[in-house]
Amino acid sequence: MQIVYFPYLKLGKTEEIRFGDIVVWNFGAKKNKYILDKEIRNMVEQLVSSNYIGKKMVKDAGIVSIGETDFRQFDETEIKLINDLKLILFLSFSAKNNVLKQDANSGLFMATSENFEPVYQNFKRGMTTFSEKTGYVVEKTVSGLEIGKEKFEAPRCLLTPFRFEIDEEFKSSLFWLKKKQKRLFEQIMRATNLFFESFYNTHQLNKNARILLQVGAFETLLDFKNRKEFKDKIEKYACGSNEKKRRYYYEKVPGKNKELEYRTLNGIWADKFYTLRNHIIHGQNIKPKEFLFKNKQRHTDIAILFFLLCIKRLINEKKRERLFFDEIKWEKWDDGMGNAQDGFVYDINVFGKAFADVCKRLNG
């Protein structure tokens, strides 16, 4: 038998999340409903409770069921569904929580890729041991692990958000794409897989690798071939209608005189982000300030904002209606510790959405 679950999803008060035939359900809240066999339920409880975040035992892990909850070995098609589920959860959670203004409390609501990694464990009825597969360079099966006696500790870098909350409309739209616009859905999933790989909280992931993965995610999502096309696509999918253009100089060839161009601030960010990618690719000596935009924000913190907004704008385009009114603006704010900050801010624009909904009801 096999159990697939998210030990660090921290579902809290959320009892279950449905994606058609796929359900992620809160073990602590729904175990009696989904596991009627008492012996299997006790074995699963011991497996789940082997996971710890700090000194606290995990009780609200998310168990994956596809159709009937029978703990069968999933086939390749079902494993692909689980990977899509992981990425949709990552996107819809990030769209609600990882776009908050950076202040003293924003990290208390955020989650990173570690939180969305599923665990696959094999066990047999009546047995006292289980096995687990791990490793990529060399796949390794660890067997003989004792049920109820093993202890799996979360990485110290793991974030434990105060709430589990997702952008429900975003989630529903992604699920609609999966059924109605499969080509775009698969494109978004391939791009998100790359971005997901860049978004682990661990220091073991080099910041150069994060930049390359994130630019690769944008390349996959927006289908561009060079820096100019990237700037054009960002200005098409991630700018407001009245964004003013600014005069700036960009690096056309390293070591040569820079050339004048007029772009929105969002387009200028795209230029600097892609230029940093070029410097990494070509092995240039990179100064620490190149990882910051306008010496204010890390490029990797900005990229998640633009990535999510571009996906929502692509959905608007495919739906041929404006479902999402989100924008990215440059603003000033206080970080809650008395420090003035300025940088890109993600604006969900609930008022624009509410106004559009009222107009839609009045029109019919």
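Residues numbered from 1 in each chain as written. Predicted model: local features only at pLDDT ≥ 70, side-chain atom pairs only at ≥ 80, totals over all residues. Heavy atoms only, no water.

Participant: I tried to follow the pairing of strand β2 (residues 16-19) on my own but got confused; where do I start?
Facilitator: Strand residues, when the strand is regular, have side chains that alternate between the two faces of the sheet. Only one face of β2 is buried, namely the one carrying Ile-17 and Phe-19, since none of Glu-16 and Arg-18 on the opposite face is buried. Pairing analysis gives four bridges linking β2 to strand β3 (residues 22-26), with the strands arranged antiparallel. What sits directly across from Phe-19, in β3, is Ile-22. Here β2 folds back onto β3 in antiparallel fashion, the turn holding two residues, of which Gly-20 has a positive phi close to 65°. (Buried < 20%, exposed > 50% of the residue type's maximum accessible area, 1.4 Å probe, protein only. Helix = DSSP H or I, 4+ residues; strand = E, 2+ residues; numbered from the N terminus. Pairing = 2+ DSSP bridges.)

Participant: I tried to follow a nonpolar patch on the surface on my own but got confused; where do I start?
Facilitator: Side chains of Tyr-136, Val-137 and Val-138 sit close together on the surface and give an oily, nonpolar patch of about 450 Å² of accessible area. On the secondary structure map, Val-138 appears in the loop between β8 (129-134) and β9 (140-146). For Val-138, a relative accessible area of 63% corresponds to the exposed category. (Patch = residues over 30% accessible without salt bridge, like charges linked within 9 Å, V, L, I, M, F, W, Y side chains within 5 Å. Areas by Shrake-Rupley, 256 points an atom, 1.4 Å probe, with all protein chains shown as cover. Salt bridge = Lys/Arg side-chain N within 4 Å of Asp/Glu carboxyl O.)

Participant: Honestly, the environment of Glu-186 in this entry has me stumped. Any pointers?
Facilitator: Here Glu-186 lies in helix α5 (residues 182-198). What makes Glu-186 partly exposed here is its relative accessible area of 27%. A C-alpha to C-alpha distance of 9.0 Å links Glu-186 and Asp-84, two positions 102 residues apart in sequence. Excluding residues within four positions of it along the chain, Glu-186 makes contact with Lys-80 and Asp-84. (Contact = heavy atoms within 4.5 Å.)

Participant: Teacher, can you tell me more about the side chain of Ser-106 here?
Facilitator: Positionally, Ser-106 belongs in the loop between α3 (76-97) and β7 (119-123). In contact with Ser-106, not counting residues within four places along its chain, are Leu-100 and Lys-101.

Participant: Looking at this model, I keep getting lost on the state of the cysteines. Mind explaining?
Facilitator: One way to say it: the disulfide is the covalent bond shared by the sulfur atoms of two cysteines. Within the structure shown, the criterion is met by zero disulfides. Cys-239 carries a free sulfur, and the closest cysteine sulfur to it, the one in Cys-310, is 9.3 Å from it. For Cys-239, a relative accessible area of 10% gives the class buried. (Disulfide = S-S within 2.5 Å.)

Participant: Where do I start with the pairing of strand β6 (residues 62-66) in this structure?
Facilitator: With respect to burial, β6 is a largely interior element, five of its five residues being buried. Residue alternation in β6 divides its side chains into two sets, Gly-62, Val-64 and Ile-66 and Ile-63 and Ser-65, and both sets are buried. In this structure, strand β1 (residues 2-6) lies alongside β6, joined through two bridges in antiparallel fashion. Residue pairing across strands places Tyr-5 opposite Ile-63, the latter belonging to β6.

Participant: Would you mind showing me how to read the sheet that holds strand β10 (residues 152-153) here?
Facilitator: Whenever strands of a sheet pair, they do so through backbone hydrogen bonds, lying parallel or antiparallel. Pairing is mixed across the open sheet formed by three strands, whose spatial order is β5-β4-β10. Every other strand in the sheet has two partners, leaving β5 (56-57) and β10 as the edge strands with one partner each. Of the strand pairs in this sheet, strand β4 (residues 51-53) and β5 are connected by two bridges, and their pairing is antiparallel. Paired with Tyr-52 across the strands is Met-57, a residue of β5.

Remember that the coordinates give geometry; whether it matters functionally is a separate question.
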